[in-house]
Amino acid sequence: MFDIIGKRRWFFAFSLLITIPGLIFILLTPLSGGTAGLKFSIDYTGGTEWSIRFADSSVTADAVKTELIALGQPDATVTKTGRGFFDIRMSKVDLREVTPAPEPSASPGASGSPGPSGSPGPSASAAATSSPAASPTASAAPSASAGASAGASAAPGSSAAPGTSPGPSLAPGTASEVPTEGQIGEIARGLEGRFSPIAEQAKLSSIGAVVSSDLIQQAVILILIGSLAILGWITLRFRDVKMGVTALVALLHDVIVVIGVFAILGTLFDVQIDGLFVTAMLTVIGFSVHDTIVVFDRVRENRARHAGEPFAEIVNHSVLQTFGRSITTSFTVVLTLSALLLFGGSATQEFVLALLLGIISGTYSSIFNAAPLLVVWQEWEDRRHGRISATRTQRPASA
């Protein structure tokens, strides 16, 4: 029988080996001011995401990034997708910076006109609104006011033309034409002048700082609430707080592994985490605890069947009895995620990578961390209360 519990120090050492580098890079995120460690997408930092395709298919992502730096976007990131589109992320472009079209001036005197149009703005002519003193003249000439109102109503005004409205005209998913005004328009003209005309625009979206801070706060709250709920449920289900705490420690191990790997990848390869990363982490948390609960449930059953045996032997039997099930279940998930990572496209790569790392780490921690930690805690309590001697807990007897 393979002695997993007896070799627990080796498994603990391996866990430290894969978590400490990640922790170092995670801590580098605030210490370096964001230049190293985790890289956040515009979902968290705020900014602009732009997906375009040039008429010239030979344009490279590095050339586009170099030109964006020259256009005043030093923090821009550019990724070329399989369809020839460039996913551009910039943090200093506000889509509301669109210059509105000039509108006819309207003075307070126009509101007193008895014309048929009661709408403000372009419903008054310059002749009828020269000064407040001329208001009697304007009132005496309703035909002029009516003509001006009708002309303004017939003309395509600012309320009907989407290009003249500031801000909402470039809402996410609604701008299919390449912008020509404001800061984003200047960048578009600069790219077209350097390379070739922009043949197609797939996406143009912006997220403000308020939304980004809300996303960060919600992500932290979701993870904390999920972890506390898991701790409470396992403690209630098995009537043992040790099982709940050790499951949570194994869960923390998986979270650190995934976030740490992304911190390393963000430092070395500029890999960013987006809004889907929170979904991936919550999925990893659920899967990790799922395997741990299976092991602990078998420990509870064997503890009743083999009363009087050393606790380390009971846990070792339980881990070996569930080992095949845990590996088989995780392996099928890993196969699916590997296929998605290789052939699923760039849009979901970070999401799938987080899931893949979390599933592998969760399976490892459930078998080689949670159960041995439970044994360490239980034996420490037994020694403290004098129930077993220190020599009896060196290693479980093998069958």
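Residues numbered from 1 in each chain as written. Predicted model: local features only at pLDDT ≥ 70, side-chain atom pairs only at ≥ 80, totals over all residues. Heavy atoms only, no water.

Caption draft 1: Inspection of the packing of helix 10 (residues 311-343) against helix 11 (residues 349-384) at higher detail. Two elements in contact, helix 10 and helix 11, have axes whose closest approach is 9 Å; the angle formed by their N-to-C orientations is 175 degrees. Judged on the interaxial angle alone, helix 11 and helix 10 are roughly antiparallel. Here the contact of helix 10 with helix 11 is composed, by residue class, of 22 nonpolar, 6 polar and 1 charged. (Axes fitted to C-alpha atoms, helices over the stretch in contact; angles between N-to-C directions. Helix = DSSP H or I, 4+ residues; strand = E, 2+ residues; numbered from the N terminus. Parallel < 35°, antiparallel > 145°, perpendicular 65-115°, else oblique. Nonpolar A, V, L, I, M, F, W, Y, C, P; charged D, E, K, R; others polar.)

Caption draft 2: Fine view of the confidence of the model for the protein chain. When pLDDT is averaged along the protein chain, the result is 78; 75% of the residues meet or exceed 70. Scored below 50 in pLDDT, residues 96-101 makes 13 contacts in the model with residues more than four places away or belonging to other chains. The model gives residues 106-174 a pLDDT under 50, and that stretch makes 42 contacts with residues more than four places away or in other chains. (pLDDT = per-residue confidence, 0-100. Contact = heavy atoms within 4.5 Å.)

Caption draft 3: Quick peek at the sheet that holds strand 3 (residues 77-80). Strand order in the open sheet formed by 4 strands is 3-4-2-5, and the pairing between neighbours is antiparallel. Each edge of the open sheet carries a strand with a single partner, namely strand 3 and strand 5 (198-207). For this sheet the average axis-to-axis angle between neighbouring strands, irrespective of direction, equals 15 degrees. Relative to strand 4 (residues 86-90), strand 2 (residues 47-54) runs antiparallel, the two being bridged by 5 bridges. If you follow T48 over to strand 4, its bridge partner there is M90. Each of strand 2, strand 4 and strand 5 is contacted by helix 6 (residues 182-194), which is oriented at about 30 degrees to strand 2, the strand it contacts most. (Pairing = 2+ DSSP bridges.)

Caption draft 4: Representation of the side chain of D240. Within the secondary structure layout, D240 lies in the loop between helix 7 (209-238) and helix 8 (241-269). On the basis of relative accessibility, which here comes to 12%, the residue D240 falls in the buried class. Of note is the side chain of D240, whose polar atom sits 3.0 Å from the backbone nitrogen of K242. Residue contacts for D240: discarding those within four places in its chain leaves T235 and R303. (Buried < 20%, exposed > 50% of the residue type's maximum accessible area, 1.4 Å probe, protein only. Polar contact = N/O pair within 3.5 Å; in protein donor to acceptor, adjacent residues only side chain to side chain.)

Caption draft 5: Representation of unusual backbone geometry within the structure. Although it is not a glycine, R239 adopts a positive phi angle of roughly 50 degrees. Along the polypeptide, R239 turns up in the loop between helix 7 and helix 8. Overall, the relative accessible area of 73% leaves R239 in the exposed class. Here the phi dihedral of D270 falls at roughly 60 degrees; this positive angle occurs in a residue that is not glycine. Tracing the chain through its elements places D270 in the loop between helix 8 and strand 6 (272-273). A relative accessible area of 34% means that D270 is categorised as partly exposed.

Caption draft 6: Here's a closer look at the packing of aromatic side chains. Enumeration over the complete set of coordinates arrives at 7 aromatic pairs. Taken together, a centroid distance of 5.6 Å and an interplanar angle of 65 degrees make the contact between F54 and F86 edge-to-face. Note that F54 is positioned in strand 2 and F86 in strand 4, a separation of 32 residues in sequence. The exposure class of F54 is buried, given its relative accessible area of 2%. Between F238 and F296, the aromatic rings sit 6.5 Å apart at their centres with planes inclined by 90 degrees, giving edge-to-face as the arrangement. With F238 in helix 7 and F296 in helix 9 (residues 276-305), the pair connects residues that are 58 residues apart, well separated along the chain. (Phe/Tyr/Trp six-rings, centres within 6.5 Å; stacked < 30°, edge-to-face > 60°.)

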